Amino acid sequence: MTEWLAVHLNPADPTTRALTWSTIASSLSKGVFFSVSVLYFTRVAGFPAATVGLGLTIAGCLAVAAALGAGYLARAIGARQVLVLATAGQGVALLAYLLARTPAAFVVVASVAVCGQAMQRTALTTMIAESFTAADRLAVRARLRVAMNVFIALGTALAAIALAVGTKPAYQVAMLATGALTLVSAYTLVRARRPPQSARVETDPAQRTRSGRPTRRSPLRDRTYLAVTALYALLSMQFGLLTVGMPLWVAGHTRAPAVTVAVLLAANTAIVSVLQLWAAHRTTDLRSSGRAITQAGALLALACALYAIAAYGSPATAVAFLALAAIAHSLAEILSEAGSWTLAFELADPANAGAYQGVSQTGAALGAMLAPLLVTTTIEHGAAGWAILAAVFPAAALATQAVCRQPRPHRSARPPHQL
């Protein structure tokens, strides 16, 4: 166990170690925030649920632009600098929730917090793309995802203390902790050593301009990359399906006890934590990534069918079908994420990593913004709605695989930095 902790939580590479501990702090913050934020906004701050929903929707819309802009900003000032600034900004915004007293103030604070999170995702993937070789990029990202899942779960457990106490000071302390942990995450990155100079991208002289600078492709003119990004936006709605659609379905359409929701989410966390590295090792190129995403689409279709069937049985039968659905859903998640990471890295121009990763994360932001509305609207139609979702996911996956089979444009060399 000690050796496992040393390898995964304290890796030898300084960049990986900084990113790992930053992820640990930010994930603890997320676990607490996910558990207490809505209740804090409505019960302590006194905002109507409609105001909270509208504010977060506005913030989500702005986050789409923030994710894209962060890529170009990373190219200008460096991915690490953007990651530090975005993380620190989000930490300050989380603390500012304690001071928000009007709907307008809530919308402003929520916009800063959500945009900061979107910018972090872009800056993080850009930093990984620029700092590591192809095989190491996937390994690092998978390790960070494992750490994220484990410590979000731990943060959720810590938040249970505030929920159990249930007083205004308890909620305020929990919200204070979310901001403080996020600032610790930013400080960890500030203290990190910069990646070695060898991490700079080396390009073929033929791929340089007359001034000696690398020739950069624009992701906004890269039809293949834009297609993959749009398809990923559809596939990423699976997260809204798990965190929004599934709880509403279990509570409103099945005879399963409400506690089943917590059990299924815990099972998802455990499966992703255990198998994400395995999935990353299976997606090392475009072909294997397309195959993994196709398998994920089939598993998502199966999960949708199982969720729908759970509405027609006894409590025990409902729980059984929901458990099988959660397993299929979790396997789909790890396969689709691993495959999508590879596509986001391999199809990008390494000389313009920031812009490309910004476009990629824009797809994720679009999926996150649209998922709650589309998922809840769809499943309200019962089995017919689940049938629609069961068709959308594999269709997006098959289309992604078709894109992967297209000829690749000439690419410059990968950065030589090794773990």
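Residues numbered from 1 in each chain as written. Predicted model: local features only at pLDDT ≥ 70, side-chain atom pairs only at ≥ 80, totals over all residues. Heavy atoms only, no water.

*Asks:* I would appreciate a short explanation of the overall build of the chain in the present structure.
*Replies:* In terms of helices and strands, the chain carries 14 helices and zero strands. Listing the helices and strands of the chain from first to last along the sequence gives α-α-α-α-α-α-α-α-α-α-α-α-α-α. A buried classification covers 53% of the 419 residues belonging to the chain. The contacts of the chain with a sequence gap of at least 6 include a subset with a gap of at least 24, amounting to 85%. (Helix = DSSP H or I, 4+ residues; strand = E, 2+ residues; numbered from the N terminus. Buried < 20%, exposed > 50% of the residue type's maximum accessible area, 1.4 Å probe, protein only. Contact = heavy atoms within 4.5 Å.)

*Asks:* It is not clear to me how the nonpolar core should be interpreted in this structure. Could you clarify?
*Replies:* One recurring pattern in soluble globular proteins is that nonpolar side chains are buried together. Membership of the largest hydrophobic core comes to 53 residues, with the highest contact counts inside it found for Y307, W386 and F393. Mapped by element, the contributors of at least two residues to this core are α8 (223-235), α9 (237-253), α10 (259-281), α11 (286-309), α12 (315-346), α13 (353-379) and α14 (383-404). Setting aside residues no more than four positions away along its own chain, Y307 makes contact with L242, M246, W249, L322, A325, A326, H329 and W386. Formed by 24 residues, the second largest nonpolar core is a distinct cluster that contains A93, L98, A100 and M175. (Core = buried A, V, L, I, M, F, W, Y, C linked by side-chain atoms within 4.5 Å.)

*Asks:* What is the right way to look at the packing of aromatic side chains in this model?
*Replies:* Describing an aromatic ring pair means giving the distance of the ring centres and the angle of the ring planes. Scanning the entire structure with this criterion turns up 10 aromatic pairs. Relative to Y356, the ring of Y225 lies with its centre 4.7 Å away and its plane at 85°, an arrangement referred to as edge-to-face. Here Y225, found in helix α8, pairs with Y356, found in helix α13; they are 131 residues apart in sequence, far enough to count as distant. Judged on exposure class, the residue Y225 and its partner Y356 are both buried. (Phe/Tyr/Trp six-rings, centres within 6.5 Å; stacked < 30°, edge-to-face > 60°.)

*Asks:* Sorry if this is basic, but what is going on with the confidence of the model for the chain here?
*Replies:* Keep in mind that low pLDDT regions are not for reading the predicted coordinates in detail. Predicted confidence across the chain gives a mean pLDDT of 85, with 88% of residues reaching 70 or more. Note on residues 196-208: pLDDT under 50 across the span, and 26 contacts to partners over four residues away in sequence or across chains. With pLDDT under 50 throughout, residues 410-419 is counted as low confidence; its partners more than four residues away or in other chains account for 45 contacts. (pLDDT = per-residue confidence, 0-100.)

*Asks:* How should the pattern of salt bridges be read in this particular structure?
*Replies:* Pairing of side chains with opposite charge becomes possible as their charged atoms draw close. Here the structure, examined in full by the defined rule, presents four salt bridges. The shortest N-O distance in the salt bridge between R137 and E346 comes to 3.6 Å. Of the two residues, R137 sits in helix α6 (residues 134-165) while E346 sits in helix α12, which places them 209 residues apart along the sequence. The exposure classification of R137 matches that of E346, with both residues buried. For E333, the salt bridge identified is with R145, shortest N-O distance 2.2 Å. Of the two residues, E333 sits in helix α12 while R145 sits in helix α6, which places them 188 residues apart along the sequence. Its relative accessible area of 3% is what places E333 among the buried residues. Judged by its relative accessible area of 10%, R145 falls in the buried class. Salt bridges sharing partners connect three or more residues here, namely R145, E333 and E337. (Salt bridge = Lys/Arg side-chain N within 4 Å of Asp/Glu carboxyl O.)

*Asks:* Looking at this structure, how should I read a nonpolar patch on the surface?
*Replies:* On the surface, L154, L158, I161 and V165 cluster together into a nonpolar patch covering about 370 Å² of accessible area. Turning to its location among the elements, L158 is positioned in helix α6. (Patch = residues over 30% accessible without salt bridge, like charges linked within 9 Å, V, L, I, M, F, W, Y side chains within 5 Å. Areas by Shrake-Rupley, 256 points an atom, 1.4 Å probe, with all protein chains shown as cover.)

*Asks:* Just checking my understanding: could you explain a positive patch on the surface for this structure?
*Replies:* On the surface, a cluster of positive charge is made up of R282, R287, R291 and R405. Looking at where R282 falls in the secondary structure, it is placed in the loop between α10 and α11. By relative accessible area, R282 is classed as partly exposed at 33%. (Lys, Arg positive; Asp, Glu negative; His and termini not counted. Charge placed at Lys NZ, Arg CZ, Asp CG, Glu CD.)

*Asks:* Would you explain helix α7 (residues 168-190) in this entry?
*Replies:* In an α-helix, one turn spans 3.6 residues, which is why side chains three or four residues apart end up on the same side. Its 23 residues place the ends of α7 34 Å apart at the C-alpha level, agreeing with the 33 Å of an ideal helix rising 1.5 Å per residue. Considered for burial, the residues of α7 that qualify are A170, Y171, A174, M175, T178, G179, T182, S185, A186, T188 and L189. (Expected span 1.5 Å × (residues − 1).)

*Asks:* Just checking my understanding: could you explain α13 for this structure?
*Replies:* The end-to-end C-alpha distance of α13 is 38 Å, a good match for the 39 Å that 27 residues give at a rise of 1.5 Å each. The principal kink in α13, of about 45°, is found at A371, preceding the proline P372 by one to four residues. (Bend = angle between axes of the 7 residues up to and from the residue.)

*Asks:* Where do I start with the environment of Y232 in this structure?
*Replies:* Looking at the secondary structure, you find Y232 in helix α8. With relative accessibility at 15%, the residue Y232 sits in the buried group. It is 9.8 Å that separates the C-alpha atoms of Y232 and I293, two residues lying 61 residues apart in sequence. In contact with Y232, not counting residues within four places along its chain, are F239, E337, S340, S360, G363 and A364. Reaching out from Y232, the side chain makes a polar contact with the side chain of E337 at a distance of 2.7 Å. (Polar contact = N/O pair within 3.5 Å; in protein donor to acceptor, adjacent residues only side chain to side chain.)

*Asks:* Would you mind going over the state of the cysteines with me for this structure?
*Replies:* Put plainly, a disulfide is one covalent bond tying together the sulfur atoms of two cysteines. The final tally for this structure, using the stated rule, is zero disulfides. Of the cysteine sulfurs around C61, a residue in no disulfide, the closest is that of C115, at 9.9 Å. (Disulfide = S-S within 2.5 Å.)

*Asks:* Explain the environment of H329 here, please?
*Replies:* Mapped onto the fold, H329 is located in helix α12. Sequence spacing of H329 and L302 is 27 residues, and the spatial spacing of their C-alpha atoms is 8.2 Å. Leave out the neighbours within four places in its chain, and H329 touches Q238, L241, L242, L300, A303 and Y307. For H329, the side chain forms a polar contact with the main-chain oxygen of Q238, separated by 3.1 Å.

*Asks:* How do you make sense of the packing of helix α4 (residues 79-96) against helix α5 (residues 103-131) when you look at a structure like this?
*Replies:* Helix-helix packing is characterised by the crossing angle of the two axes and by the distance between the axes. Following both chains from N to C, one finds α4 and α5 inclined at 155°, their axes separated by 8 Å at the closest point. In terms of axis orientation, α4 runs roughly antiparallel to α5. Judged by the twist between their axes, the crossing of α4 over α5 is left-handed. Residue-level contacts link A79, R80, V82, L83, A86, T87, G89, Q90, A93 and A96 of α4 to V109, V112, A113, G116, Q117, M119, Q120, A123, L124, T126, M127 and E130 of α5. (Axes fitted to C-alpha atoms, helices over the stretch in contact; angles between N-to-C directions. Parallel < 35°, antiparallel > 145°, perpendicular 65-115°, else oblique. Left-handed = near helix turned anticlockwise from the far one by under 90°.)

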